[in-house]
Amino acid sequence: MYNFYINNYIQLERLMNLFKKISLLLTMIGLSVILLSPQEKVKAFQPTIFSASNTENYKASKPFTDVPFESTYYQSTHILRDLSIINGYSNGSFQPQNSITRRQAALLIDRLDSKQYIDLPPVKEEVDFNDVNWQDEAYLGLNLLNQAGIFEVDKKGNILPNANLTRGEMAKILVIAFNLDISNHKGSFKDVAGKAVEPYVETLVAYGITTGYPDGSFKPQTSLSRAHYSEFIFRIL
């Protein structure tokens with residue numbers, strides 16, 4: 001009987017030592033992830049919802065009339081539609097090449113926020129917009145973006161909802177909304193160097209979300225299409 005207890009005690013002690021080693025290993029792994037730079041984190045960055053394994057055979061029910069299966073944006077536009085994040089038009093089209101407006105971007109942000117895919121903490125007080133009233137369906141999203149310090153009002157107090165969203169604004173929205181770790185890297189694009197938008201653009205590069213244009217530019221002041229904006233969101237999700 002004595003030997004029985006001794007043997008059980010030894011086995012228990014071995015198990016406890018094993019658990020301690022596993023716990024230490026997990027702690028070290030967690031710490032290493034925390035210490036990784038944004039450039040290193042991208043190697044382990046995976047979409048939180050989608051992956052190649054669960055979207056490669058995806059086929060949309062009632063696809064948009066102007067986004068065929070062969071389109072580069074087929075998956076992103078239709079999956080985001082199925083999640084009620086983006087909408088098409090009443091005629092069944094998506095109009096992927098149309099420029100996206102600040103208003104449309106705000107509506108997407110409001111939907112993402114309501115589904116808790118993003119978190120946009122306010123950094124300043126709420127203000128009234130002279131060109132958007134609180135009953136407008138885009139008001140909540142525009143207010144979120146304004147309080148987060150992304151969309152600014154002009155000197156007249158206008159938020160300019162119908163202006164086209166720029167690629168630079170898009171970068172800032174995605175980095176802040178999805179809480180991506182800001183990259184300290186510089187020099188990826190000649191036309192964002194030294195500008196306020198540079199850290200946001202560089203962060204998207206670090207996470208493998210954007211590559212820019214073949215000429216080495218990012219074109220931060222250029223508008224972007226509805227399809228492109230949907231694709232950027234899809235890559236992060």
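As a starting point, this report considers the structure included with it. (Residues numbered from 1 in each chain as written. Predicted model: local features only at pLDDT ≥ 70, side-chain atom pairs only at ≥ 80, totals over all residues. Heavy atoms only, no water.)

1. Observations regarding the overall build of the protein chain
So the rule is basically this: Under the DSSP-based scheme used, a helix requires at least four consecutive residues in state H or I and a strand at least two consecutive residues in state E, with every element numbered from the N terminus. Burial status follows relative accessibility: with a 1.4 Å probe on protein chains alone, a residue under 20% of its type maximum counts as buried, one over 50% as exposed, and anything between as partly exposed. For every accessible area listed, the method is Shrake-Rupley and the probe measures 1.4 Å; residues are considered covered only by the protein chains on display.
When helices and strands are tallied, the protein chain shows 9 helices and 0 strands. Along the protein chain, helices and strands appear, N-terminal first, in the series α-α-α-α-α-α-α-α-α. Looking at the protein chain as a whole, 40% of its 237 residues qualify as buried. With an accessible surface of roughly 14,000 Å², the protein chain has 55% of that area assigned to carbon and sulfur atoms.

2. Topic: the pattern of salt bridges
Short version of the rule: Definition used for salt bridges: Asp or Glu carboxyl oxygen within 4 Å of a side-chain nitrogen of Lys or Arg.
Evaluated as defined, the whole model comprises 7 salt bridges. Residue R235 pairs with E231 through a salt bridge whose shortest N-O separation is 3.4 Å. Highlighted residues: R235 and E231, both in helix α9 (residues 226-236), separated by 4 residues, approximately one helical turn. Through salt bridges with shared partners, a single network forms among R103, D136 and E137.

3. Points about the layout of surface pockets
What counts, and what does not: Here a cavity is any set of points on a 1 Å grid over the protein atoms alone where a 1.4 Å probe fits but cannot get out, and a pocket is any open set with protein on both sides within 12 Å along at least 5 of 7 lines; a residue lines the site when it has an atom within 4 Å of a point. Grid points are joined across faces, edges and corners, and a volume is the space filled by probe spheres set on the points. Here the term charged refers only to Asp, Glu, Lys and Arg, the term nonpolar to Ala, Val, Leu, Ile, Met, Phe, Trp, Tyr, Cys and Pro, and the term polar to all other amino acids, Gly among them.
One number sums up the size of the largest pocket: a volume of about 280 Å³. Here the lining of the largest pocket takes 3 residues from helix α7 (residues 167-177), the largest share from any one element. Tallied by class, residues from the lining of the largest pocket come to 6 nonpolar, 4 polar and 5 charged.

4. Some words on the side chain of Q147
To be explicit about the condition: What qualifies as a polar contact is a pair of N or O atoms within 3.5 Å, subject to a donor-acceptor requirement within protein and to the restriction that residues adjacent in sequence count only when both atoms come from side chains. Should any heavy atoms of two residues lie within 4.5 Å, those residues are counted as being in contact.
Inspection of the secondary structure assignment puts Q147 in helix α6 (residues 139-147). Overall, Q147 belongs to the buried group, its relative accessible area being 16%. Within polar-contact distance, the side chain of Q147 engages the backbone oxygen of K124 at 3.2 Å. Once you skip the residues sitting within four places of it in the chain, Q147 turns out to touch P121, P122, V123, K124, E125 and E126.

5. Observations concerning unusual backbone geometry
Not every positive phi belongs to a glycine, and Q116 is a case in point at roughly 65°. Phi angles above zero are rare outside glycine, and L160 is one such case at about 55°.

6. Looking at the nonpolar core
Threshold: Here, nonpolar core means buried Ala, Val, Leu, Ile, Met, Phe, Trp, Tyr and Cys residues that are tied together by side-chain atoms lying within 4.5 Å of each other.
The biggest cluster of nonpolar side chains holds 55 residues, and the ones touching the most others in it are I109, L120, L165, M170, F178, Y229 and I233. Breaking this core down by element, the ones donating at least two residues are α4 (74-82), α5 (102-114), α6, α7, α8 (198-206) and α9. With sequence-adjacent residues up to four places away left out, I109 is seen in contact with I118, L120, L144, L145, I173, A177 and Y229.

7. What about the environment of F232?
Within the element layout of this structure, F232 appears in helix α9. Taking relative accessible area as the criterion, F232 reaches 6% and is therefore assigned buried. For the pair F232 and M170, spaced 62 residues apart in the sequence, the C-alpha separation amounts to 8.9 Å. Ignoring anything within four residues of it in the chain, the contact list for F232 reads R167, M170, L174, I209, T210 and L224.

8. Overview of the packing of α7 against α9
Using the following cut-off: Between N-to-C directions, angles cover 0 to 180 degrees, with each direction set by a line fitted to C-alpha atoms, over the stretch in contact for helices. When describing relative orientation, an angle under 35 degrees is termed roughly parallel and one over 145 degrees roughly antiparallel, while 65 to 115 degrees is termed roughly perpendicular and anything else oblique. Handedness of a crossing is defined here by the sense of rotation of the near helix relative to the far one, left-handed for an anticlockwise turn of less than a right angle and right-handed for a clockwise turn.
The interhelical angle for the contact between α7 and α9, taken along N-to-C directions, is 25°, at an axis separation of 11 Å. Between α7 and α9, the crossing angle belongs to the class labelled roughly parallel. Considering the relative orientation of α7 and α9, their crossing is right-handed. When α7 is examined against α9, the residues R167, M170, I173 and L174 are found in contact with a partner set consisting of Y229, F232, I233 and I236. Tallied by class, the residues present in the contact of α7 with α9 amount to 7 nonpolar, no polar and 1 charged.

9. Observations concerning the packing of aromatic side chains
Going by this rule: Classification of ring pairs uses Phe, Tyr and Trp, with its six-membered ring standing for Trp, and accepts pairs whose centres are within 6.5 Å; under 30 degrees between planes counts as stacked, over 60 as edge-to-face, and the remaining range as tilted. In this analysis the charged atom, NZ for Lys or CZ for Arg, is taken to sit over a ring once it is within 6 Å of the ring centre and within 35 degrees of the ring normal.
Evaluated as defined, the whole model comprises 5 aromatic pairs. A centroid spacing of 4.9 Å and a plane angle of 70° characterise the contact between F69 and Y74, whose relative ring orientation is edge-to-face. Classification of F69 by relative accessible area gives partly exposed; the value is 47%. Given the relative accessible area of 6%, Y74 is considered buried. Through pairs of rings, three or more aromatic residues link up here, namely Y58, F69 and Y74. The ring of F151 carries R102 above its face, with NZ or CZ at 3.9 Å from the centroid. If you follow R226 out to its NZ or CZ, it ends over the ring of F94, 4.3 Å from the centre.

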